[in-house]
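# Overview (structure and organization)
Residues per chain, in single letters:
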Amino acid sequence: MAESSLDALKREAVEISISNVNVSYGAYHALKNVNLEIKPGEFFAFLGPSGCGKTTLLRLIAGFNTAQTGSIVIGGRNVLPLAPWKRDVGMVFQSYALWPHMTVWKNVAFGLEERRLSAEERTQRAEDALKLVGLEKLGNRKPSQLSGGQQQRVALARTIAVRPSVLLLDEPLSNLDASLRVQVRRDILAMQRRLGLTTIFVTHDQEEANTVCDRIAVMNEGVVQQVGTPMELYDNPANLFVGRFLGTANTLSGEIRANGSERVFQLAGGEILPASKHETPGPAKLFFRPQNANLVAKNEAVSGSDLRLMARVSRREFLGSSIRYGLKAGEEDIFIDVPHVGKRNDCLADDIVAVQISLSDVSIFR
Amino acid sequence: MTSVAKADVITVPAGHERSAWTNWPLHSVTAFLFLFLAIFFLVPLLSVITTAFMQKGSNTFTLLNFYDFFQNDLFRRSLQNSLYASFMAVVCASLFAIPLAYITTRFEFKGAVLIQTLGVLPLIMPPFAGAIAMQLLFGRTGTVNLLLDDWFGINIPFMEGLNGVILVQSVHYFPFILLNLVASLRNIDRSMEEAAQNLGCRGLRLFRRIIFPLAMPGYIAGASLVFIKVFDDLATPLLLNVQDMLAPQAYLRITSMGIADPMGYVIAVVLIVFSVASLWASTLVTKGKDYSTVQRGGGGLAKRQMTTFDTIIAYAIVLFILTLVLAPHVGLLLLSFATVWSFAPLPDGYTIEHYRVVFSESSQLITNTLLYATIAGLIGVTVGTAIAYLSQRTKAVGRRTLDYIAMAPLAVPGVVLGIGYLRTFYNIQLPSGTSLAAFWVMLGIALGIRRLPYAMRACSAALQQVSVSLEEAAENVGVGKPKAIRRIVVPLMAGGIVAGFVTSFATAAVELSATMMLVQSTENAPLSYGLYVFMQSPAGRGPGAALGVIAVIIVGVCAYLSHVYLERRNSAQPH
């Protein structure tokens, strides 16, 4: 594509600053004191299970919800008091919301007509936007004559054409076939990078968020749990919810105990680990990822700083690049992934094994 | 590759599927349905059309009858009047329907239940029943004009000539537009509107460019229905003493000149042509515009909270329309209990004498009505279910044609069907010596044919909800086709069949177009005909109104019972 046509759609990236936002519907508190700083040109995700408030927050930015308190500043302007049509934020709807009575071209040109642009500029920008998504030949089709993936690209083009200050994507991949999703998310990312547009991506799928986003805000029950890059969140989750949501994990029950001014964490099976001094005594959970544990023979020596658990193999699933063992450690089920690197002794069901985890790879959560 | 090769090896053994040509039970059912529809629909219809093109007294083809029709001032004026009244009724009905539809779909409005209730009114009372009551309320010396004259010294001709027809019809039929419009507004996905707002569009432009085009198919469907209903209606203009409209002219011509006179048939053909044309025009306009399946979410437009001012305005509009719509009902009720009611805002006194008269002298009317409506309902659902099954689940030869024929009565006015029955069956003598056309069973069949398209739609929709695999599972465990249909398919369709039966029953109970053509003696007359006869004389208005109230109660009770049944059924089914 010619670079000149991109220029018509490009504009300076802006930052979004969300402060002290609260949204309630009657007694239901949908967003609780949300604060987020999204940098210019960033590809940012709101990630969480359904009902966590991520879509509510996105729609609040677009103007389709009202907040009881707080402000949302986009490029230096608080948009909360503004009507949706004055906010200049581009939103791509989960259902695409293409108008079925208009052709693809009319759909894309609609926002440009509303902006009272000259006919020449309208044509130019609509063409550019359709070219950007690779649908310049389908302008005369009706939305019903397009595939799901094409419809989604039209919805993107329609939003991009008006050159919004920020781009909001509401679960853009959820209505696509699994085989299309990987390609489409790459396309969206490539387009976002070329336009340099500050973008918010709402999804419940951690893999989608991890693969395309610069940073993620993990949300649950209306509260932002943690903000960070995908890797930070995966490796250093702030709490059990984030840890579990970002990927498969093991948890073992235990208790934090006071030992003078020191604190220790004792597992139900009796093993004792050092804990932070700031923890208050009480029940807690040990958290680690399946690939961070090793299986060793039960009589093999262990280095002092590692946690060692005795377990019985209950299940064994060969996944190709790794083997996932289901283990019974005391009363609790855990599973660990062992890389499969050719012929090696592997454990069988009912073997008694030792599980070894480096203390730097475990976290203790309430 | 191996799996592909394997698939190639599997072939369907010859004769695995029973050839469509050797499936005799299927063919006999199809043939019977064809025969039934031919005798009771196609032949009468064709006899009307051919007679219109034949020279009187001979069998030679001619267009002279149509030339005469257009040369005749009365007929030309009748055609103009019918078109004008139908068009204006659509306009007035739209004026009632659009604000109500807008209020229910656009705002959080507590009075929405009132508006929904309005939707069933045309079902429970035909316009002719309330026509006289409307005259007493809105006529030259009616309640409203008497009061207006007292207070302001003015008189508004609400009910003069065509105005009366337009007012009565639009008050009765506007719910057809309301229901269709509300349904299509509710089908608009909220994101359609939000996407436009997101791109900078709002207010009237939003309505004009997004909402109206998306709601248009529903509006057109409702409007064309109202147009046809008014265009074809016979009894309302006659009761209001408006004779220079097309349907009344057809009736008057046949009853005064006899069934040999071609002009009645010519008028019938003109009625058919306009009915078909308006249906065709509405499908043409809405073609490819059924957006409800294209949009995903639905859920309707974003609803706004109303300010106090909005609420007052909304209630004022709703109550005004409600008053107007309930006027014929209230008027009819008053009239049925009135001793004398003329030249006065309200009746002079009240009595139950009229009900006594009706029950002692005319209870035959009520039993006839129940009998005919039951026959009509049964014909509607049995023929409807059979055709729906044939066209959806079998490869029977001619199933598409059957489907089309069964839908065709939509475009055939009742008066035309009545004329056709007279033409076809009048000269066939029963053993008792009376004409077949005067045989009471024929009235039930004619009503059944008229209701068939609606009943079949209900059955067809119900059948679509029943998965084919349920039937196949029954056959798989060794149950034969007829038993599988009887024990599995029909019970599962029961909701739709009951709905089809009840609407057929209710509308047949108050039908008065085909009925007026076919009733030969008062002992065979149904309630609607009796009502019409009573209403002809001032003295009969009281008993006539009492009959009208009884009709409304019968139909209302039916509608309510089926509603209760369907609700219970729906709540009993797992989701």
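For the structure itself, look to the data block above.
Residues numbered from 1 in each chain as written. Chains lettered and ligands numbered in written order. Predicted model: local features only at pLDDT ≥ 70, side-chain atom pairs only at ≥ 80, totals over all residues. Heavy atoms only, no water.

## What to know about the packing of helix α4 (residues 73-106) of chain B against helix α15 (residues 308-337) of chain B
All names here are of chain B. The geometry of α4 relative to α15 is characterised by a closest axis approach of 10 Å and an angle of 140 degrees between their N-to-C directions. In terms of their interaxial angle, α4 and α15 are classed as oblique. When you trace α4 past α15, the crossing you get is left-handed. Of α15, the residues touching α4 (which contributes F96, P99, L100 and I103) are A314, I317, V318, I321 and L324. In the contact of α4 with α15, the residues fall into nine nonpolar, no polar and no charged. (Axes fitted to C-alpha atoms, helices over the stretch in contact; angles between N-to-C directions. Helix = DSSP H or I, 4+ residues; strand = E, 2+ residues; numbered from the N terminus. Parallel < 35°, antiparallel > 145°, perpendicular 65-115°, else oblique. Left-handed = near helix turned anticlockwise from the far one by under 90°. Contact = heavy atoms within 4.5 Å. Nonpolar A, V, L, I, M, F, W, Y, C, P; charged D, E, K, R; others polar.)

## With respect to helix α6 (residues 178-195) of chain A
Every α-helical turn comprises 3.6 residues, leaving residues that sit three or four positions apart pointing alike. Residue and element names in this part refer to chain A. In this model α6 runs 26 Å from its N-terminal to its C-terminal C-alpha over 18 residues, within 8% of the 26 Å that 1.5 Å per residue would give. Here α6 has its buried residues at V184, R185, I188, M191, Q192 and L195. Buried residues of α6, viewed axially, fall in a sector of 130 degrees; they line one side. Facing away from the buried side of α6 by over 90 degrees, the exposed positions are S179 and R186. (Expected span 1.5 Å × (residues − 1). Buried < 20%, exposed > 50% of the residue type's maximum accessible area, 1.4 Å probe, protein only. Arc of directions from axis to C-beta.)

## Some thoughts on the interface of chain B and chain A
In this assembly, 21 residues from chain B lie in contact with 29 residues from chain A. Buried area between chain B and chain A, summed over both chains or domains, comes out near 2300 Å², and the portion from carbon and sulfur atoms is 59%. The salt bridge partner of E114 of chain A is R205 of chain B, with a shortest N-O separation of 2.8 Å. Where chain B meets chain A, there are nine residue pairs in polar contact (both at pLDDT 80 or more). Looking at the side of chain B that touches chain A, the elements with two or more residues in it are α10 (190-198) and α11 (203-232) of chain B. Class assignment of the residues belonging to the side of chain B that touches chain A gives a composition of 10 nonpolar, five polar and six charged. (Buried area = accessible area lost by both parts, 1.4 Å probe. Salt bridge = Lys/Arg side-chain N within 4 Å of Asp/Glu carboxyl O. Polar contact = N/O pair within 3.5 Å; in protein donor to acceptor, adjacent residues only side chain to side chain.)

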